[in-house]
Amino acid sequence: MIIKTVGIIGAGQMGAGIAQVCAQSGYDVFLYDQSADAVKASLARIERGLNRLVEKETITAEDAQGAQSRLMPAASVQDLKDCDLVIEAATENEQVKNAIFKSVCEHLKPEAFLASNTSSISITRLAAATDRPGKFIGLHFMNPVPVMKLVEIIRGIATESSTYEIAIDFARSLGKTTAVAEDFPAFIVNRILIPMINEAIYTLYEGVGTVDAIDTGLKLGANHPMGPLELADFIGLDTVLAVMNVLYDGLSDSKYRPCPLLVKYVEAGWLGRKVGRGFYDYRGEKPVPTR
């Protein structure tokens, strides 16, 4: 089967990024979110992103216009009925994802494929909540999607070989490099990355170093482009906590226990850049550490 039309469910940062790269790669894209305002904001953000690429001479004005012409808002999940592939890019919550799949499956054509952009949740379990586990796969894009080159491919136990092969071809058609991960909690990237961030938060919690000292130490001492606490704010502290909980619950190992300070920040609503405050306060002219 040749994929021509892609549906994206979730118009947040990840959904918008996936929609942009799909449209730039020649696919017709329908972007849906339960909030029509979120879709409108995402389409505007994509337009700004494409315009920046034109200014940098990375793409031509004609390329940008072509990509925008292939992006269409979806008013409901019913508008995804003719899509060949639907990618869920909602919040990292299994119940939310299952509800999305239940609502969309009844509208999809039988041959359509489903994928989740989950960064940690079992693909086998998500697939079991659908009417097509054989046509279900994990496509974990990295953030920011237009910049990052990797897509993790995760097969569930029921994923058919043809689905896997189509997923690989699709990811590569977007100019991405693929890494195949087994269906274990958090897969490859987040199995390694998120516990490192959690350990950095423990280092802050225990008073070993300040926010600035920890981030400077990793940037200059380990040549990381972004400090772990700055990266946590970029990812979203709620997402970091969700992944840690998946690891802790799924592997039953105390080394994956979320740091109490991370829990407190999430409880306070200090989720990082997207709300203006996390380990840094972003509401002024420049970010300022909050501890």
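Here goes a summary of the coordinates provided. These numbers were taken from a predicted model, which means no experiment stands behind them.

Concerning the nonpolar core
Inference 1: Counting 38 residues, the largest nonpolar core has I87, L139, F141 and F170 as its most contacted members.
Inference 2: Counting residues per element, this core draws most heavily on helix 1 (residues 13-24), at seven residues.
Inference 3: In this structure, I87 is in contact with V6, G7, I8, I9, I18, A115, L139, F141 and F170, ignoring residues within four places of it in sequence.
Inference 4: One finds L229, V243, Y280 and Y282 within the second-largest nonpolar core, a separate group that totals 26 residues.

Things to note about the pattern of salt bridges
Inference 1: Within this structure, the stated rule accounts for nine salt bridges.
Inference 2: Residue K219 pairs with E230 through a salt bridge whose shortest N-O separation is 3.9 Å. Here K219 is found in helix 8 (residues 211-221), whereas its partner E230 is found in helix 9 (residues 228-235), with 11 residues between them in sequence.
Inference 3: Note on K219: relative accessible area 31%, which makes it partly exposed.

Regarding the layout of surface pockets
Leftover empty space is mapped by rolling, across the atoms, a probe with the size of a water molecule.
Inference 1: As a volume, the largest pocket reaches approximately 1,300 Å³.
Inference 2: Every residue lining the largest pocket is counted, 43 residues in all, and those nearest its centre are Q13, M14, N143, I235 and T239.
Inference 3: Listing elements by their share of the lining of the largest pocket, those giving two or more residues are helix 1, helix 4 (94-105), strand 6 (136-141), helix 7 (189-205), helix 9 and helix 10 (237-251).
Inference 4: The dominant element in the lining of the largest pocket, judged by the number of residues it contributes, is helix 7, at five residues.
Inference 5: Residues of the lining of the largest pocket, tallied by class, amount to 21 nonpolar, 15 polar and seven charged.
Inference 6: Together, 25 residues line the second largest pocket, and Q20, P144, V145, P146 and V147 are the ones closest to its centre.

Here's the deal with the packing of aromatic side chains
Inference 1: The full count for this structure, using the stated rule, is six aromatic pairs.
Inference 2: A centroid spacing of 5.1 Å and a plane angle of 80° characterise the contact between F101 and F136, whose relative ring orientation is edge-to-face. On the criterion of sequence distance, the pair formed by F101 in helix 4 and F136 in strand 6 is long-range, its members being 35 residues apart.
Inference 3: The class for F101 is buried, based on a relative accessible area of 1%.
Inference 4: Taking 5.5 Å as the distance between ring centres and 90° as the angle between the ring planes, the aromatic pair formed by Y265 and W270 counts as edge-to-face.
Inference 5: Relative accessible area serves as the criterion here: at 5%, Y265 is assigned to the buried category.
Inference 6: What makes W270 partly exposed here is its relative accessible area of 25%.
Inference 7: Here the aromatic cluster, defined as three or more aromatic residues joined through ring pairs, consists of Y265, W270 and F279.
Inference 8: It is R155 that lies over the ring of Y164; its NZ or CZ is 4.7 Å from the centre.

What about helix 11 (residues 260-267)?
Inference 1: Taken together, the buried positions of helix 11 are L261, L262 and Y265. For helix 11, the buried positions fall inside an angular range of 105° around the axis, keeping them on one side. Pointing more than 90 degrees away from the buried face of helix 11 are the exposed residues K264 and E267.
Inference 2: At its buried positions, helix 11 is contacted by helix 7 and helix 10.

About the cut-offs
- Position numbers for residues start from 1 in each chain and track the written sequence from start to end.
- In view of the model being predicted, local features appear only for residues whose pLDDT reaches at least 70, and side-chain atom pairs are presented and counted only at 80 or more, with totals across whole chains, interfaces and linings using the full set of residues.
- Side-chain numbers here rest on the full set of heavy atoms in the structure, without hydrogens or water.
- What we call a nonpolar core is a set of buried Ala, Val, Leu, Ile, Met, Phe, Trp, Tyr and Cys residues that are connected through their side-chain atoms within 4.5 Å.
- Think of it in three bands: residues with accessible area under 20% of the maximum for their type are buried, residues over 50% are exposed, and the middle band is partly exposed, with areas taken using a 1.4 Å probe on protein chains only.
- Labels follow the DSSP assignment, with helices taken as runs of H or I lasting at least four residues and strands as runs of E lasting at least two, numbered in each case from the N terminus.
- Note on definitions: a residue-residue contact is assigned when non-hydrogen atoms from the two residues lie within 4.5 Å.
- By definition, a salt bridge exists where a carboxyl oxygen of Asp or Glu is found within 4 Å of a side-chain nitrogen of Lys or Arg.
- Cavities and pockets are found on a 1 Å grid laid over the protein atoms alone: a cavity is a set of points where a 1.4 Å probe fits but cannot escape, a pocket is an open set with protein on both sides within 12 Å along at least five of seven lines, and a lining residue has an atom within 4 Å of such a point.
- Grid points are joined across faces, edges and corners, and a volume is the space filled by probe spheres set on the points.
- Following the grouping adopted for this structure description, the nonpolar residues are Ala, Val, Leu, Ile, Met, Phe, Trp, Tyr, Cys and Pro, the charged ones are Asp, Glu, Lys and Arg, and the polar ones are all others, Gly among them.
- Any pair of Phe, Tyr and Trp rings, taking the six-membered ring for Trp, is counted once the centres come within 6.5 Å. Such a pair is stacked with planes under 30 degrees apart, edge-to-face with planes over 60 apart, and tilted for the rest.
- Two conditions define a charge sitting above a ring: the NZ of Lys or the CZ of Arg must be within 6 Å of the ring centre, and it must be within 35 degrees of the ring normal.
- Taking the helix axis as origin, the arc is that swept by the directions to the C-beta atoms.

Geometric descriptors of this kind do not, in isolation, establish any biological role.
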